[in-house]
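Letter by letter, the chains look like this.
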Amino acid sequence: KRVLVVTGCDGLDDVTLSGPTNVFELKNGQIKQYSLEPKDFGVKPISNFTEIAGGSADDNVRLALSILKGQDKTRRTDLVLVNTAVALYLADKAEDLKSAYAISKKTLESKKAYEILENYKKPSVLKKIVEETKKRDFSKVKKINHTPVKYNGGLIAEIKRKSPSEQN
C-alpha cells in the first residue's frame, strides 16, 4: 500500500545525515519524488562521514547494543533515529518526521527497544508463549469463514554496488 525507496547523497541505502536523501514514495497508487534533509527531523547534518561510519561486524554489534542501551552519544544514534522516524512515518504512527523522530528518541531513551531485544533472547519467553497456547481451549473458539486473500506480490530490496563505509 505504501513504499519508500531512499538513497542518501553519500551512497547510503538509508536516510543519511550528510546531506539530502532522495526519496521515491508510492502512496495511494501514486509515485512522488522528493528529498529529505537532516533538518526535516530537527537534527543537524554531519560534517564528515566518519561520524556515522560503521566498522567490523563485531564493532557494529557492539555499536548497535550501545545505541539500544542508550549509551551511544555519537551521531550514529541520530542516524538510527532518523531511519526509525521514517519507518514510523511510513506506518502512519506519526504525522510528520519531527514528531516521528521525537517518538523514536523517547522510545530509545526509555530502553524499551533494548528490553524487547533482551526478551527475544530469553528462551523462557518463547516457552511461556507455547505453554499459554497449550492452555487455550480452541474448541470454544468460534469458527469463521476465511476467504483466502490473493497475493498481489511485494518486494523488499537492497541494491548497492558496495558498502559506503567500506574502505577503498
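As shown above, the structure is provided for reference.
Report on the accompanying structure.

What counts and how
- Residues numbered from 1 in each chain as written.
- Predicted model: local features only at pLDDT ≥ 70, side-chain atom pairs only at ≥ 80, totals over all residues.
- Heavy atoms only, no water.
- Helix = DSSP H or I, 4+ residues; strand = E, 2+ residues; numbered from the N terminus.
- Expected span 1.5 Å × (residues − 1).
- Contact = heavy atoms within 4.5 Å.
- Axes fitted to C-alpha atoms, helices over the stretch in contact; angles between N-to-C directions.
- Parallel < 35°, antiparallel > 145°, perpendicular 65-115°, else oblique.
- Left-handed = near helix turned anticlockwise from the far one by under 90°.
- Nonpolar A, V, L, I, M, F, W, Y, C, P; charged D, E, K, R; others polar.
- Patch = residues over 30% accessible without salt bridge, like charges linked within 9 Å, V, L, I, M, F, W, Y side chains within 5 Å.
- Areas by Shrake-Rupley, 256 points an atom, 1.4 Å probe, with all protein chains shown as cover.
- Salt bridge = Lys/Arg side-chain N within 4 Å of Asp/Glu carboxyl O.
- Buried < 20%, exposed > 50% of the residue type's maximum accessible area, 1.4 Å probe, protein only.

Moving on to helix α1 (residues 57-68). In a regular helix each residue adds 1.5 Å, so twelve residues correspond to 16 Å; α1 covers 16 Å between its end C-alpha atoms and thus fits that length. Buried residues belonging to α1 abut α2 (75-90) and α3 (97-109). The positive-phi residue at the C-terminal boundary of α1 is Gly70, with phi of around 75°.

Moving on to the packing of α2 against α3. Interhelical geometry of α2 versus α3 gives an angle of 120° and a closest axis separation of 8 Å. Judged on the interaxial angle alone, α3 and α2 are oblique. By crossing handedness, the relation of α2 to α3 is classed as right-handed. Contacts between α2 and α3 pair Thr77, Asp78, Leu81, Val82, Thr84, Ala85, Val86, Leu88 and Tyr89 from the former with Leu97, Ala100, Tyr101, Ile103, Ser104, Lys105 and Leu108 from the latter. Of the residues that constitute the contact of α2 with α3, the class distribution is eleven nonpolar, three polar and two charged.

Together, Val3, Val5, Phe24, Leu26 and Ile31 make up an exposed nonpolar region whose accessible area comes to about 420 Å². Contributing elements (two or more residues each) for the nonpolar patch: β1 (2-8) and β2 (21-27). Residue placement: Leu26 occurs in strand β2. Looking at Leu26, the relative accessible area reads 32%, which means it is partly exposed.

Right, let's get into the environment of Pro38. Here Pro38 is to be found in the loop between β3 (30-36) and α1. Its relative accessible area of 2% is what places Pro38 among the buried residues. Separated by 60 residues in the primary sequence, Pro38 and Lys98 place their C-alpha atoms 10.0 Å from one another. Dropping the residues within four chain positions of it, Pro38 is found in contact with Thr16, Leu17, Gly19, Val43, Lys44 and Pro45.

Keep in mind these values describe shape, not function.
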